[in-house]
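A look at the structure
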Amino acid sequence: QQQVKQSPQSLIVQKGGISIINCAYENTAFDYFPWYQQFPGKGPALLIAIRPDVSEKKEGRFTISFNKSAKQFSLHIMDSQPGDSATYFCAASKNAGGTSYGKLTFGQGTILTVHP
Amino acid sequence: EAGVVQSPRYKIIEKKQPVAFWCNPISGHNTLYWYRQNLGQGPELLIRYENEEAVDDSQLPKDRFSAERLKGVDSTLKIQPAELGDSAVYLCASSPRTSGSYEQYFGPGTRLTVT
């Protein structure tokens, strides 16, 4: 079953703190793991993504940690800001073989609130 | 670079009425996706196009949903007749897959309310 489980459902962090969101997947054929940020009334915006040949990727204040053996990956937001308050979705896709390649399977989302 | 354009942004219809959504992908992106996002959930794929060809429509409810992508650019998603359970945000995304990129870029979506 192609499923991605995300936790927590909601997260409250103080300004300057670290926000951590976790995802677990089941399908070992997945080879691309993006994180999306979504503000109310907007479409999801690609934040950062990783492929399973690396264990960590950092872009500015955002870092993905990837554990292939555990089939888990997480998003870390350093120095969280009120402007980071949004819903975050992890996702996964496989990009070779069959007709379902490229299909993003999303987690359930995490509502992040950063208090000033 | 212009992003994915969708229209209308909002649509309110009565059940059993037809409705159509339009999407213009990012220029040069040959792959186009339609997703449905229910309230409080992540998007779910409805259909994927590679140029004009629908290569994955396994999750499209074909009894009432249809889609087309003429000339491999713009796409239209139609529902006829709409049901109360179709209320959701319909998102279009595009990807430059021919370059080896897996990235998908989403439009703002069309929020459909069926009454």
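Here is a short report on the structure shown in this document. (Residues numbered from 1 in each chain as written. Chains lettered and ligands numbered in written order. Predicted model: local features only at pLDDT ≥ 70, side-chain atom pairs only at ≥ 80, totals over all residues. Heavy atoms only, no water.)

**Overview of the side chain of histidine 29 of chain B**
Residue and element names in this part refer to chain B.
- Within the fold, histidine 29 resides in the loop between β3 (19-24) and β4 (31-37).
- Accessibility expressed as a relative area gives 10% for histidine 29, which makes it buried.
- If we skip the residues at most four places from it in the chain, histidine 29 touches Arg69, Ser94, Ser95, Pro96 and Tyr105. (Helix = DSSP H or I, 4+ residues; strand = E, 2+ residues; numbered from the N terminus. Buried < 20%, exposed > 50% of the residue type's maximum accessible area, 1.4 Å probe, protein only. Contact = heavy atoms within 4.5 Å.)

**Focus on the interface of chain B and chain A**
- Each partner contributes to the interface: chain B provides 23 residues, whereas chain A provides 21 residues.
- Across the chain B/chain A interface, buried area totals approximately 1,700 Å², and carbon plus sulfur atoms make up 49% of it.
- Along the contact surface separating chain B from chain A lie zero salt bridges.
- Across the chain B-chain A interface, the total number found is four residue pairs in polar contact (both at pLDDT 80 or more). (Buried area = accessible area lost by both parts, 1.4 Å probe. Salt bridge = Lys/Arg side-chain N within 4 Å of Asp/Glu carboxyl O. Polar contact = N/O pair within 3.5 Å; in protein donor to acceptor, adjacent residues only side chain to side chain.)

**With respect to a nonpolar patch on the surface**
- On the surface, Ile18, Ile20 and Met78 of chain A cluster together into a nonpolar patch covering about 240 Å² of accessible area.
- In this structure, methionine 78 of chain A sits in the loop between β8 (72-77) and β9 (86-92). (Patch = residues over 30% accessible without salt bridge, like charges linked within 9 Å, V, L, I, M, F, W, Y side chains within 5 Å. Areas by Shrake-Rupley, 256 points an atom, 1.4 Å probe, with all protein chains shown as cover.)

**With respect to unusual backbone geometry**
- Cis geometry marks the peptide bond from serine 7 of chain B to proline 8 of chain B, where omega comes out at -10 degrees.
- Mapped onto the elements of the fold, proline 8 of chain B is located in the loop between β1 (5-7) and β2 (10-13).
- The omega torsion across glutamine 80 of chain B and proline 81 of chain B is -5 degrees, close enough to zero to call that bond cis.
- Mapping proline 81 of chain B onto the fold places it in the loop between β8 (75-79) and β9 (88-95).
- The backbone of aspartate 79 of chain A shows a phi angle near 50 degrees, a positive value even though the residue is not glycine.
- Looking at where aspartate 79 of chain A falls in the secondary structure, it is placed in the loop between β8 and β9.
- With a phi angle near 80 degrees, lysine 16 of chain B is a residue other than glycine that sits in the positive phi range.
- Locating lysine 16 of chain B in the fold gives a position in the loop between β2 and β3.

**A look at the packing of aromatic side chains**
- Inspection of every chain in the model, using the stated rule, returns 17 aromatic pairs over all chains.
- Relative to phenylalanine 106 of chain B, the ring of tyrosine 36 of chain A lies with its centre 5.3 Å away and its plane at 90 degrees, an arrangement referred to as edge-to-face. Of the two residues, tyrosine 36 of chain A sits in strand β4 (residues 33-38) while phenylalanine 106 of chain B sits in strand β10 (residues 105-106), which places them in two different chains. There is no split in this pair, since tyrosine 36 of chain A and phenylalanine 106 of chain B are both buried.
- When the ring of phenylalanine 106 of chain A is compared with that of tyrosine 35 of chain B, the centres are 6.0 Å apart and the planes differ by 90 degrees; the resulting orientation is edge-to-face. Residue phenylalanine 106 of chain A is found in strand β10 (residues 105-106), and its partner tyrosine 35 of chain B is found in strand β4; the two belong to separate chains.
- For tyrosine 35 of chain B, a relative accessible area of 0% gives the class buried. (Phe/Tyr/Trp six-rings, centres within 6.5 Å; stacked < 30°, edge-to-face > 60°.)

**Here we look at the sheet that holds strand β7 (residues 65-68) of chain B**
Residue and element names in this part refer to chain B.
- On the basis of which strands lie adjacent, the open sheet formed by four strands has the order β1-β3-β8-β7 and antiparallel pairing. Lying at the two open borders of the sheet, with one neighbouring strand each, are β1 and β7. Neighbour to neighbour, the strand axes of the sheet diverge by 15 degrees on average, direction disregarded.
- Sheet topology note: the β3/β8 ladder contains five bridges and is antiparallel. If you follow alanine 20 over to β8, its bridge partner there is lysine 78. (Pairing = 2+ DSSP bridges. Axes fitted to C-alpha atoms, helices over the stretch in contact; angles between N-to-C directions.)

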